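Per-entry structural report
Spelled out, the chains give:
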Amino acid sequence: MFIELLRGLLVTLELFAVCWVFSIPFGLLLCFARKNSLKFFRFLIDTYIWIMRGTPLLLQIFFLFYGLPLIFPMLQVNDRFLVGAFAFILNYVAYFAEIFRGGLKNVDKGQFESIKVLKISKLKAVFRIIIPQMLRVCLPSICNESVALVKDTALIFSIGVIELLTTAKNIVNSSADIFAYVVAAAMYLFICSLVNLAFKIFEKRLKFE
Amino acid sequence: MNMIDAININKRFGNSIIFENLNFSVEKGEIVTIVGSSGRGKSTLLRCLVGLEKIDGGTIIIDGKKLVEDGVYAKSRDQSKILSEVGIVFQNYNLFPNLTVRGNLEIVKNDGKKIDSLLRRFGLYDRASAYPSTISGGQKQRLAIIRAMMLDPRIIFFDEPTSALDEDNRGEIVKLINELNSEQYTIVVVTHDMQFVDCLNSKIYEIQ
Ligand SMILES: Nc1ncnc2c1ncn2[C@@H]1O[C@H](COP(=O)(O)OP(=O)(O)OP(=O)(O)O)[C@@H](O)[C@H]1O
Ligand SMILES: [Mg+2]
C-alpha cells in the first residue's frame, strides 16, 4: 500500500513542481508585460486573467483535454499528465500575475524615479530592486497560492491521471479500509507544511534589516 | 559661463499651470536656493531639470548643451548625455530599501575604490552592510548624496534637504553643501526653510 501511495505522491509532487516552476516566472513576465504594453495588449492580458480566474480549473482541464481536440483535431495530445500540467500552468499563471500586479503597485514611485535618474539598466533594476521589493509584499499570497496548488493537483484525476488522492481512493475501494485516506491526508499535510515553512524562511530573509 | 539656463519655461499638469515664463540661471560653481511656499512647484521644477518631468514650453540649457529648445527636446541619447551632468537628492531620499548601504552605491556603479573612499569620507564606512531602514536620518541623507555623486555629476540638486532633519543635522547639511560647493560642484537647493537659506551663502530665487 505504501509503495502505491508513494508512487501517487510522486505524481502529485511532479505536477506541483512543474506547475510552480513555470507559473511563477511566467506570472511575473505577464505582470510586467501588462504594465509595459499598449492598451490593446493590456486588454488582452486582462481578459485572459479574467477568464482564468473566473472559471473553474476543472472546466479548463476538461476543455483542454476533451474540448480542444474536438474543435482542432490536430491538437489531440495523448499524454494526459502533460495536458493536465499545461492547464494548471495556464490557470496559475493568471493567479500569480494578479498577485504580482498587487506587489508591483506597492513599489514606491520614488524607486522608479531613482532608477531613472541614476541610469540603472532596466534588467538590473527589475531583478535587483523591483522584484525583491515586490516579493516582500506578495510572499504571503504566493505562499497561499502555492499551498492551494498542492491541493489542487488532485483535480488532474479528472482526466485519468493517477496521483496521490486517486491512488488512495482506489486502495480504499478495493480494501474497504479507509486507512489509505489517512495516510494520503498526512502526506498532503506534510507537503503543505513544508511549503509553508520554506516560505517563512524566505520571508525572514527578505526583511532587509 | 552658466551651468544652467532656464528660459521662459512653462509647466502644466492638465489645466493647472504650475509655472509660466519662468527664467533663472545658475552660474558654474555657485549655490542657488529656490524658495517659495508649499505647492508652488519647486519640486516640479527640479523634476523638470533632472528629466523626470517634461516642460511644455521654453528652453533649458545645461552646461551649454540644449536639453530642450522652445519646447522641443533633444534626441533621447543626447538627453541622457546632458542629464548625466545632474544628480538629485530627493526629499525622502528614495534609497533602495532592499539593498545595503554599499548595495545602494554598487548598483549605480560597481567601483569599489570609489565607494570605499566616499563611504569613509561621509562617515558611513562602518555602516556599509546595514540596510537603509536601520540607519539614521542624517546617514540616509548622506547615503543619498553619495549615491548621487556616483555618476560624477557637476550639479547636485537638493529637494528640501532640511525637512526630515533635526537641528543638529541641519548644521551638518550646511557644512556638507559648502564642502561640495568648494569642490566645484554646482548646487541647487529647493526649500521653504528660510533659516536654512540664511545659513547658506547663495543666490536666492523666489518662485511666486
Ligand atoms: N504628477 C502630478 N500631476 C498633477 N499635479 C501635480 C503633479 N505633481 C505635482 N502636482 C501639483 O503641482 C503643484 C506643485 O507641486 P510641487 O510638488 O512641485 O510643489 P512644491 O513647491 O514642491 O511644494 P512643497 O513645498 O509642498 O514640496 C501642486 O499643486 C501639486 O498638486
Ligand atoms: Mg516639494
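One can find the structure itself at the top, above this paragraph.
Rules used throughout
Residues numbered from 1 in each chain as written. Chains lettered and ligands numbered in written order. Predicted model: local features only at pLDDT ≥ 70, side-chain atom pairs only at ≥ 80, totals over all residues. Heavy atoms only, no water. Pairing = 2+ DSSP bridges. Helix = DSSP H or I, 4+ residues; strand = E, 2+ residues; numbered from the N terminus. Salt bridge = Lys/Arg side-chain N within 4 Å of Asp/Glu carboxyl O. Buried < 20%, exposed > 50% of the residue type's maximum accessible area, 1.4 Å probe, protein only. 1 Å grid on protein atoms, 1.4 Å probe; cavity = no way out; pocket = protein on both sides within 12 Å on 5 of 7 lines; lining within 4 Å. Points joined across faces, edges and corners; volume = space filled by probe spheres on them. Nonpolar A, V, L, I, M, F, W, Y, C, P; charged D, E, K, R; others polar. Near = heavy atom within 4 Å. Polar contact = N/O pair within 3.5 Å; in protein donor to acceptor, adjacent residues only side chain to side chain. Areas by Shrake-Rupley, 256 points an atom, 1.4 Å probe, with all protein chains shown as cover.

1. Focus on the sheet that holds strand β4 (residues 57-62) of chain B
Backbone hydrogen bonds hold the strands of a sheet together, and the pairing may be parallel or antiparallel. All names here are of chain B. Pairing is antiparallel in the open sheet, where 5 strands are placed in the order β2-β1-β4-β5-β6. In the strand order of this sheet, the two ends are held by β2 (16-27) and β6 (72-73), each with one partner. The pairing of strand β1 (residues 2-13) with β4 spans 5 bridges and is antiparallel. Bridging from a neighbouring strand, Ala6 pairs with Ile60 of β4.

2. Things to note about the pattern of salt bridges
In total, this model carries 17 salt bridges over all chains according to the counting rule given. Across the salt bridge formed by A:Glu113 and A:Lys109, the nearest N and O atoms sit 3.8 Å from each other. Of the two residues, A:Glu113 and A:Lys109 both sit in helix α5 (residues 109-117), 4 residues apart, roughly one turn of that helix. The class for A:Glu113 is buried, based on a relative accessible area of 10%. Counted as one network, the salt bridges with shared partners bring together A:Lys109, A:Glu113, B:Lys11, B:Arg47 and B:Glu53.

3. With respect to empty space enclosed by the protein
Applying the stated criterion to the full structure yields 4 cavities of 30 Å³ or more. For the largest cavity, the calculated volume is near 120 Å³. Contributions of two or more residues to the lining of the largest cavity are made by α5 of chain A together with β7 (86-89) and α5 (137-149) of chain B. Across the lining of the largest cavity, the residue classes break down as 11 nonpolar, 3 polar and 2 charged.

4. A closer look at the site of ligand 1
Residue and element names in this part refer to chain B. Around ligand 1, the structure places Phe13, Ile18, Ser38, Gly39, Arg40, Gly41, Lys42, Ser43, Thr44, Glu160 and His192. The backbone of Gly39 places a nitrogen or oxygen atom 2.8 Å from an oxygen atom of ligand 1. A distance of 2.5 Å is found between an oxygen atom of ligand 1 and a side-chain nitrogen or oxygen belonging to Thr44. Compared with its free state, where it exposes 630 Å², ligand 1 has 57% of that area covered by protein. Take the shell around ligand 1: its biggest share by element is 3 residues, from helix α1 (residues 42-49).

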